[in-house]
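Remarks on the overall topology
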Amino acid sequence: MLDKLDEAAPVLAGLSEPIMVAKVNADKYRKLGSKYGVDGFPTLMLFIHGVPIEYTGSRKADLLVRNLKKFVAPDVSTLESDSAIKSFVENAGTSFPMFIGFGVNDSLIAEYGGKYKKRAWFAVAKDFSEDWMATYDFNKIPALVAVHPKYNEQSVFYGPFEGRFLEDFIRQSLLPLTVPINTETLKLLDDDDRKVVLAILEDDSDANSTHLVKVLRSAAHANRDLVFGYVGVKQWEEFVETFDVSKSSQLPKLLVWDRNEEYELVEGSEKLEEGDQSSQLSQFLEGYRAGRTIKKKVSGPSFMGFMHSLVSMNSLYILMFVVALLGVMMYFAGQDDTPQPRRVHDE
């Protein structure tokens with residue numbers, strides 16, 4: 001981990017708001033380690049205004065930089081000009097979604113800026129030109145724009161800004177309208193309580209799949225109470241097998257997954273045929289909402305099972321290393337021919 005930290009240090013130091021990196025031998029300076037509750041190595045502590053927070057995210061250099069930038073940013077940034085908006089968007093990068101309020105009172109989103117800080121960037125634009133209205137395709141204020149740079153998606157919320165409506169929009173917009181299912185996005189689904197309309201494809205990168213993803217995105221706009229996701233057999237065969245799908249299955253296949261141990265097939269709409277896929281998807285959603293479904297159990301690990309398998313791989317590698325190390329120690333212990341003194345025990 002230390003080499004990754006050395007790699008990230010100059011990048012962090014060169015940020016517009018620099019993050020300084022320091023290393024301490026807590027085995028030598030035990031009182032300092034004890035003061036901050038360090039009981040394992042290596043431990044990465046982040047100090048924000050003197051308040052220590054243990055960092056538990058990815059330790060790859062690029063992801064470390066990405067996550068630490070997000071940690072130290074204000075909950076909600078205030079943008080006073082077009083140039084400030086441009087700088088905010090550029091510095092935010094493409095890893096997290098952005099929520100920018102145009103003509104929105106910052107007190108309305110301050111709570112959510114803190115609550116969802118680890119998952120998104122938040123800002124309020126106080127002064128801006130009409131160019132930004134054209135860029136983000138909104139025609140009146142107040143407006144809250146949600147942008148997913150990584151997926152080239154954006155949506156606009158015009159209110160109401162009171163009650164649960166605002167948080168519902170923010171929470172639902174933390175994910176893109178169409179979610180490519182992989183190990184990273186699967187973890188994000190853990191914080192979302194919506195069911196997933198899942199399209200299982202042969203290869204999610206071919207031309208036919210690209211067209212279907214556009215169809216899913218259009219449906220997602222009108223069905224925000226559901227998550228729309230897609231996954232290719234070629235990309236993640238182990239995952240799709242839990243839904244009784246293999247390379248020989250007729251694809252694309254549609255189902256509704258509860259993100260855990262059950263999924264539902266809609267009678268007569270289990271797969272998409274060539275032709276008007278928009279109409280077929282509409283019939284699928286209509287059948288699902290009407291309850292014309294067949295419930296099934298996943299045939300492999302549940303959602304939590306997949307989550308645990310992703311988390312536990314490192315533990316498995318550590319266990320294998322420890323077992324191997326013990327084997328080596330026992331081997332060399334058996335090779336020691338040095339005579340051992342006899343011990344006499346008195347009862």
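An account of the accompanying structure is given in this report. (Residues numbered from 1 in each chain as written. Predicted model: local features only at pLDDT ≥ 70, side-chain atom pairs only at ≥ 80, totals over all residues. Heavy atoms only, no water.)

1. Description of the overall build of the protein
Helix and strand counts for the protein come out as 12 helices and 13 strands. Per-residue burial for the protein yields a buried fraction of 39% across its 347 residues. The contacts in the protein between residues at least 6 apart in sequence include a share of 64% that link residues at least 24 apart. Surface exposure of the protein reaches about 20,500 Å², of which carbon and sulfur atoms provide 52%. (Helix = DSSP H or I, 4+ residues; strand = E, 2+ residues; numbered from the N terminus. Buried < 20%, exposed > 50% of the residue type's maximum accessible area, 1.4 Å probe, protein only. Contact = heavy atoms within 4.5 Å. Areas by Shrake-Rupley, 256 points an atom, 1.4 Å probe, with all protein chains shown as cover.)

2. Quick word on the side chain of glutamate 167
Relative to the helices and strands, glutamate 167 resides in helix 7 (residues 164-173). For glutamate 167, a relative accessible area of 18% puts it in the buried group. If near-sequence neighbours (up to four positions away) are discounted, glutamate 167 is found in contact with Tyr112, Lys115 and Tyr116.

3. Re the packing of aromatic side chains
This structure, assessed with the given rule, holds 14 aromatic pairs. When the ring of tryptophan 236 is compared with that of phenylalanine 239, the centres are 4.9 Å apart and the planes differ by 25°; the resulting orientation is stacked. Residue phenylalanine 239 is classed as buried on the basis of its relative accessible area of 1%. Taken together, the aromatic side chains of Phe99, Phe122, Phe157, Phe161 and Phe169 make up a single cluster linked through ring pairs. The ring of phenylalanine 165 carries the charged tip of arginine 164 above its face, separated from the ring centre by 5.1 Å. (Phe/Tyr/Trp six-rings, centres within 6.5 Å; stacked < 30°, edge-to-face > 60°. Lys NZ or Arg CZ within 6 Å of the ring centre and 35° of its normal.)

4. A closer look at the packing of helix 9 (residues 207-222) against helix 11 (residues 277-289)
Following both chains from N to C, one finds helix 9 and helix 11 inclined at 45°, their axes separated by 10 Å at the closest point. Here helix 11 runs oblique to helix 9, going by the angle between their axes. The chirality of how helix 9 crosses helix 11 is right-handed. Contacts between helix 9 and helix 11 pair His211, Leu212, Val215, Leu216 and Ala219 from the former with Gln277, Ser278, Leu281 and Leu285 from the latter. (Axes fitted to C-alpha atoms, helices over the stretch in contact; angles between N-to-C directions. Parallel < 35°, antiparallel > 145°, perpendicular 65-115°, else oblique. Left-handed = near helix turned anticlockwise from the far one by under 90°.)

5. Describing the pattern of salt bridges
Using the criterion set out here, one finds 15 salt bridges in the structure. A salt bridge links glutamate 153 to arginine 217; its shortest N-O distance comes to 2.8 Å. Placement of the pair is glutamate 153 in strand 7 (residues 153-157) and arginine 217 in helix 9, with a sequence separation of 64 residues. The class for glutamate 153 is buried, based on a relative accessible area of 6%. Take arginine 217: its relative accessible area is 25%, and that puts it in the partly exposed class. The partner of arginine 164 in a salt bridge is aspartate 168, with the nearest N and O atoms 2.8 Å apart. Of the two residues, arginine 164 and aspartate 168 both sit in helix 7, four residues apart, roughly one turn of that helix. A single network of salt bridges, built from pairs that share partners, joins Arg164, Asp168, Arg171 and Asp193. (Salt bridge = Lys/Arg side-chain N within 4 Å of Asp/Glu carboxyl O.)

6. Focus on unusual backbone geometry
The residue after glycine 159, namely proline 160, is reached through a cis peptide bond having omega 0°. Between leucine 251 and the following residue, proline 252, the backbone shows a cis peptide bond with an omega angle of 0°. Its location among the elements puts proline 252 in the loop between helix 10 (237-240) and strand 11 (253-257). A positive phi angle is found at aspartate 137, which is not glycine, with a value near 55°. Judged by its relative accessible area of 63%, aspartate 137 falls in the exposed class. Its identity as a non-glycine residue notwithstanding, arginine 259 has a phi of 70°, on the positive side. In this fold, arginine 259 is placed in the loop between strand 11 and strand 12 (262-266). By relative accessible area, which is 15% here, arginine 259 ends up buried.

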